[in-house]
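The residues making up each chain are set out below.
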Amino acid sequence: MSVNEEKWRLFIAIPLPQEVKYKLEEWCSEQKTRLDFKKWVHAEDYHITVQFLGDTAPGRLDELLASLSRAAKGMGPLELEAAGIGTFGRPASPSVLWAGVRGEVAGLESLHSRVTSENRALGFVPEERRFSPHITLARKYREGARLDPAALQTQPEFGSWRADRLVIYQTHMHKRPMYEVVGSALLT
């Protein structure tokens, strides 16, 4: 790959249905005055990340799609639910606000393992941190702002769905929404 070749920032994810996105967006809208995060995720960008790939030549998309199809084969759809709220980072000033994922989480972990194994053969190195399925809602709590712990005490339920596909998203920095589907593979 030459230095000047175009690169796409890619990741693999489980998309969410519109009704779950709507419920997540509604909850976030109600919490914005209580939770002072700098960046709230656009509702169309809600997803469950399976593997971050990073800057990738667009010409590799076909081999990535073939890899995803191999990983997805035999998995079958997963019954998932978006429920609960939590944070990553320091409790007083968290870096990420997320909604939890329930349901067939063991199947999701197996899918993650299969995807990262297939993509390792293509040269994509998996992250070292443990896979923790979640839906990012907001990022970067404002320095000096006081976190209202009561806002995180509720365990809202946002809905369940049958996850039947993996998608490859391309990130378009500084756009809203910022993720575009450039490929997908069915969980068969």
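About the cut-offs
Residues numbered from 1 in each chain as written. Predicted model: local features only at pLDDT ≥ 70, side-chain atom pairs only at ≥ 80, totals over all residues. Heavy atoms only, no water. Buried < 20%, exposed > 50% of the residue type's maximum accessible area, 1.4 Å probe, protein only. Helix = DSSP H or I, 4+ residues; strand = E, 2+ residues; numbered from the N terminus. Pairing = 2+ DSSP bridges. Expected span 1.5 Å × (residues − 1). Arc of directions from axis to C-beta. Contact = heavy atoms within 4.5 Å. Axes fitted to C-alpha atoms, helices over the stretch in contact; angles between N-to-C directions.

A. Representation of the pairing of strand β1 (residues 8-15) in the model. Here β1 lies mainly inside the structure; 7 of its 8 residues are buried. Summarising the sheet, β1 and strand β3 (residues 47-56) pair through 8 bridges and their orientation is antiparallel. Within β3, the position partnered with I14 by the bridge is I48. Note that β1 and strand β8 (residues 165-171) share 5 bridges and pair antiparallel. The partner of A13 across the bridge, within β8, is V167.

B. Seen up close, helix α1 (residues 18-31). For α1, built from 14 residues, the straight-helix expectation of 20 Å at 1.5 Å per residue is met to within 8% by its first-to-last C-alpha distance of 20 Å. If you check which residues of α1 are buried, you get V20, K21, L24, W27, C28 and Q31. With its buried residues spanning 130 degrees around the axis, α1 presents them on a single face. The exposed residues of α1 that point more than 90 degrees off its buried face are Y22 and E30. Packing partners of the buried residues in α1 comprise β2 (37-40), β4 (78-90), β5 (93-103), β6 (134-141) and β7 (157-163).

C. Structural context of the sheet that holds β4. Taken in spatial order, the 5 strands make up an open sheet running β2-β6-β5-β4-β7, and their pairing is antiparallel. With partners counted over all chains shown, the strands left at the sheet margins are β2 and β7, one partner each. Geometrically, the sheet is characterised by an average inter-axis angle of 30 degrees between neighbouring strands, direction not taken into account. By the bridge criterion, 6 bridges tie β4 to β7 in an arrangement that is antiparallel. If you follow E81 over to β7, its bridge partner there is S160.

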